[in-house]
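Coordinate analysis (summary)
Each chain, written out:
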Amino acid sequence: MDGMLMVFEQESYAFGRFLPGSLLPGPLAYSSRTDSFITVSSCQQVESYKYQVLAFATDADKRQETEQQKLGSGKRLVVDWTLNIGEQALDICIVSFNQSASSVFVLGERNFFCLKDNGQIRFMKKLDCSPSCFLPYCSVSEGTINTLIGNHNHMLHIYQDVTLKWATQLPHIPVAVRVGCLHDLKGVIVTLSDDGHLQCSYLGTDPSFFQAPKVESRELHYEELDIELKELQKIIKDVNKSQGIWPMTEREDDLKVSAMVSPKFDSVSQAADVEVGTDLVPSVTVKVTLQNRLALQKAKLSVYVQPPLVLTCDQFTFEFMAPEMSRTVAFSVYLKGSYTPSELEGNAVVSYSRPSDINPDGIPRVIQCKFRLPLKLICLPGQPSKTASHKLTIDTNKSPVSLLSLFPGFANQSEDDQVNVMGFRFLGGSRVTLLASKTSQRYRIQSEQFEDLWLITNELIIRLQEYFEKQGIKDFACSFSGSMPLQEYFELIDHHFELRINGEKLEELLSERAVQFRAIQRRLLTRFKDKTPAPLQHLDTLLDGTYKQVIALADAVEENQDSLFQSFTRLKSATHLVILLIGLWQKLSTDQIAILEAAFLPLQQDTQELGWEETVDAAISHLLKTCLSKSSKEQALNLSSQLNIPKDTSRLKKHITLLCDRLAKGGRLCLSTDAAAPQTMVMPVGGCTTIPESDLEERSIEQDSTELFTNHKHLIVETPLPEVSPLQGVSE
């Protein structure tokens, strides 16, 4: 490890030499033709040392003896030749076959090199994948050498010089490869995996002795063939009409998954390591039942809930399930963090393999089941608040319903059954107030935090729909006629983006301090290795100070990541609320709301490499360029294919504002290419203030977006659009 080359003759130690400039030892090989050792140093260059030079290396002059002792470099060595390859080497192999001269093969991290004895490059090859091992094994034709190269993609490539001759798949990543002759079978490839599995294999395929029988020639009757072709085309057309493009499978019958949430809390809460404060955190049990009709293999159940909700167990594995078998698993869900989740919906996904005659190992399939957690899991009854910073009003077409019947358990039963005020307190501490109008058909939700309005608003609409369905009323509908709260939404976007920028700055500072820390370590190591003691010149003080800065910056990065994660959860809650309000405002269909959700909520997790802002901006720009475009000029604009973190959020906010403006003027969301033509847009009655619509050409908005959304009735000319799947074109 110190870069010292030790030579032994039998069991006797002969001599040792320090290789100059060695930091970490690299691969080493001996060339018998030139009687020299060849290695790759830490300077990323191939070096050759003659054995004679190694054996007889002494100090150059007695006059330099003192200087050599100061440097502590030991015996002075003279390198025979060097070659800079610009990367670390994995292995070195020296071969000499009958038809070719002696060659030095060096396998790098991205290339492999073939060198002559004097260090000149004979050829080199840039590799597409990261290599793991190699072996030059023979020379098929004069002047060429065949080489086996294994890589980390479970592949084994065979090159003739730089030409790829064969590629084959391996079941593991090879770390060593050899070619041998076993039981008179020549050309056996022996590979060793990183976990110790040895495999002997050979190239090619088993010969097939099957010969196709001769087809009896017969006369062709073209009229009969035409009739048969028309019948087959009719059958295909009928099948496509009844079943769609893809044929229906029986996977729904293979396995049925159902989830049931317990109506009561666990008697003993399963919450552990919670960060909610003084409140007692409850937990609720969810049972997932799997019923299979056929024998299934390797069934794996994965359960996901929105953070900060956590599960006591989220992975279940069933190696084999016999036919007509039922398996039930239970787990508990509780709130761990001090903020509210973006959704109360959980998802149970089962992946399994169904054996078939063609594939005995099984065909992989996936089925999922969604379940809804109770509101009381994260919320407690609270004191209603008369004042709040953020308010929303939801209109309905039916008379107001008692909040006690909608939210049992969140208020005490009173003499007056028509309770019109109810308070909610989340376990994190924030409060939400719900008011039902006594005279009009309206409900008001208000809170100090904009994102906290989402869960109560969504829960109110769901419970109202369930209430009127039980009453047998099918024409119940909700609407929103207030101004769109884009300014509050933009504040959350700015806060989230600011945390992302802070994270980048902190990581850059941490990288700089880490480089400084390693540089001071190298200086100190040089001082400590020096045979003559020398003053440290306060390097130890610098090392200690830099270490404290590195620790402080690492803590700051971790704290910023936690804040960013919470901010992203709040941003998702606010985004759900904005999508809900847009849907109620413009009475969008389920498919159109799915398009909005795909555009505004494309990510489950937010990272520095791919963030929410640039992803959503690209999706909204695509909608503005296609189905919401106003002119053919906008359709002709090309959007950027790269998603990079923007300088600020002004462009994104401008696009969101323009999206709402286009919807207000009659634009309709769709994913069909036929509907990409410009649609007829009519100004709302009452003359709303418009904004410049050339934002795709990078012009700024001069009007305030809040003037757009006033309580006016809209006149919409709607073009009939074909029904499309909400998942079609998500890759755009």
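- As recorded in an unreviewed UniProt entry, the chain goes by the name Protein PTHB1 isoform X10, listed as coming from Panthera pardus.

1. Remarks on the overall build of the chain
- On a plain count of helices and strands, the chain comes out with 12 helices and 31 strands.
- Looking at the 732 residues of the chain, the share that counts as buried comes to 39%.
- When contacts within the chain are restricted to residue pairs at least 6 apart in sequence, those whose partners lie at least 24 apart make up 61%.
- Surface summary for the chain: the accessible area is close to 42,600 Å², and the carbon and sulfur share equals 51%.

2. Side note on the sheet that holds strand β24 (residues 345-354)
- Ordered by their spatial adjacency, 4 strands build an open sheet running β22-β20-β24-β25, and the pairing between neighbours is antiparallel. Because the sheet does not close on itself, it has two edges, and the strands there are β22 (315-321) and β25 (363-372). Averaged over all pairs of adjacent strands, the angle between strand axes in this sheet comes to 15 degrees, irrespective of strand direction.
- Relative to β22, strand β20 (residues 296-304) runs antiparallel, the two being bridged by 6 bridges. Across the sheet, Leu296 pairs through a bridge with Met321, a residue of β22.

3. Side note on helix α9 (residues 590-600)
- For α9, every residue scored as buried is listed here: Gln592, Ile595, Leu596, Ala599 and Phe600. Buried residues in α9, looked at end-on, bunch into an arc of 120 degrees, giving them a common side.
- Where α9 is buried, its residues contact α7 (486-529), α8 (539-586), α10 (612-625) and α12 (650-664).

4. Concerning the packing of α8 against α12
- The contact between α8 and α12 brings their axes to 11 Å, and the two run at 20 degrees. Put simply, α8 runs roughly parallel to α12. The hand of the α8/α12 crossing is right-handed. Contacts from Ile582, Trp585 and Gln586 in α8 reach Cys660, Leu663 and Ala664 in α12.

5. What about the nonpolar core?
- Membership of the largest hydrophobic core comes to 105 residues, with the highest contact counts inside it found for Leu301, Phe424, Tyr489 and Phe600.
- Looking at this core, the element that brings in the most residues is α8, giving 11 residues.
- In contact with Tyr489, not counting residues within four places along its chain, are Phe450, Leu571, Ala574, Thr575, Val578, Phe600, Trp612 and Ile656.

6. Observations concerning the side chain of Thr396
- As for its position among the elements, Thr396 is in strand β27 (residues 390-396).
- Classification of Thr396 as buried rests on a relative accessible area of 11%.
- Here the side chain of Thr396 touches Lys398 through a polar contact of 3.2 Å, landing on its backbone oxygen.
- Here Thr396 is in contact with Gln441, Tyr443, Leu464, Phe476, Ala477 and Cys478, once residues within four sequence places are set aside.

7. Let's talk about the packing of α7 against α10
- Running from N to C, α7 and α10 cross one another at 130 degrees; their axes reach a closest spacing of 10 Å. The angle between α7 and α10 falls in the class oblique. Each of Tyr489, Ile493, His496, Phe497 and Arg500 in α7 lies in contact with α10, whose residues at this interface are Trp612, Glu613 and Glu614.

8. As for the packing of aromatic side chains
- Per the stated rule, a full pass over the model turns up 16 aromatic pairs.
- Between Phe15 and Tyr51, the aromatic rings sit 6.0 Å apart at their centres with planes inclined by 50 degrees, giving tilted as the arrangement. Here the residue Phe15 occupies a position in strand β2 (residues 12-18), and Tyr51 occupies one in helix α1 (residues 51-56), the gap between them amounting to 36 residues.
- Through successive ring pairs, a cluster of aromatic residues spans Phe15, Tyr30, Phe37 and Tyr51.
- Lys376 extends its terminal NZ or CZ atom over the ring of Phe265, reaching a point 5.3 Å from the ring centre.

9. Looking at a nonpolar patch on the surface
- On the surface, a cluster of nonpolar side chains totalling about 490 Å² of accessible area is made up of Met4, Met6, Phe8, Tyr13 and Phe18.
- Elements supplying a minimum of two residues to the nonpolar patch: β1 (4-9) and β2.
- For the nonpolar patch, the element with the most residues is β1, which contributes 3 residues.
- The topology assignment puts Met4 in strand β1.

10. Focus on α10
- Between its terminal C-alpha atoms α10 stretches 20 Å, which fits the 20 Å expected from 14 residues at 1.5 Å a residue.
- A large share of α10 lies buried, amounting to 12 of its 14 residues.
- Along α10, the residues that are buried comprise Trp612, Glu613, Glu614, Thr615, Val616, Asp617, Ile620, Ser621, His622, Leu623, Leu624 and Lys625.

11. A word on the pattern of salt bridges
- According to the stated counting rule, one finds 14 salt bridges in the structure shown.
- Between Glu345 and Lys370 there is a salt bridge, with the nearest N and O atoms lying 3.9 Å from each other. Of this pair, Glu345 sits in strand β24 while Lys370 sits in strand β25; the two residues are 25 residues apart in sequence, bridging distant segments of the chain.
- Residues Asp395 and Arg442 are paired through a salt bridge, measuring 3.0 Å at the closest nitrogen-oxygen approach. Highlighted residues: Asp395 in strand β27 and Arg442 in strand β30 (residues 442-447), separated in sequence by 47 residues.

12. Quick notes on the pairing of strand β16 (residues 185-193)
- Judged from the 7 bridges that link them, strand β15 (residues 174-182) and β16 form a sheet pairing that is antiparallel. From the neighbouring strand, Leu182 faces β16, where its bridge partner is Leu185.
- The hairpin formed by β15 and β16 contains 2 residues between the paired strands, and His183 there has a positive phi angle of roughly 50 degrees.
- The antiparallel hairpin formed by β16 and strand β17 (residues 198-201) contains 4 residues in its connecting segment, where Gly196 sits at a positive phi of about 90 degrees.

Cut-offs and rules
- Residues numbered from 1 in each chain as written.
- Predicted model: local features only at pLDDT ≥ 70, side-chain atom pairs only at ≥ 80, totals over all residues.
- Heavy atoms only, no water.
- Helix = DSSP H or I, 4+ residues; strand = E, 2+ residues; numbered from the N terminus.
- Buried < 20%, exposed > 50% of the residue type's maximum accessible area, 1.4 Å probe, protein only.
- Contact = heavy atoms within 4.5 Å.
- Areas by Shrake-Rupley, 256 points an atom, 1.4 Å probe, with all protein chains shown as cover.
- Pairing = 2+ DSSP bridges.
- Axes fitted to C-alpha atoms, helices over the stretch in contact; angles between N-to-C directions.
- Arc of directions from axis to C-beta.
- Parallel < 35°, antiparallel > 145°, perpendicular 65-115°, else oblique.
- Left-handed = near helix turned anticlockwise from the far one by under 90°.
- Core = buried A, V, L, I, M, F, W, Y, C linked by side-chain atoms within 4.5 Å.
- Polar contact = N/O pair within 3.5 Å; in protein donor to acceptor, adjacent residues only side chain to side chain.
- Phe/Tyr/Trp six-rings, centres within 6.5 Å; stacked < 30°, edge-to-face > 60°.
- Lys NZ or Arg CZ within 6 Å of the ring centre and 35° of its normal.
- Patch = residues over 30% accessible without salt bridge, like charges linked within 9 Å, V, L, I, M, F, W, Y side chains within 5 Å.
- Salt bridge = Lys/Arg side-chain N within 4 Å of Asp/Glu carboxyl O.
- Expected span 1.5 Å × (residues − 1).

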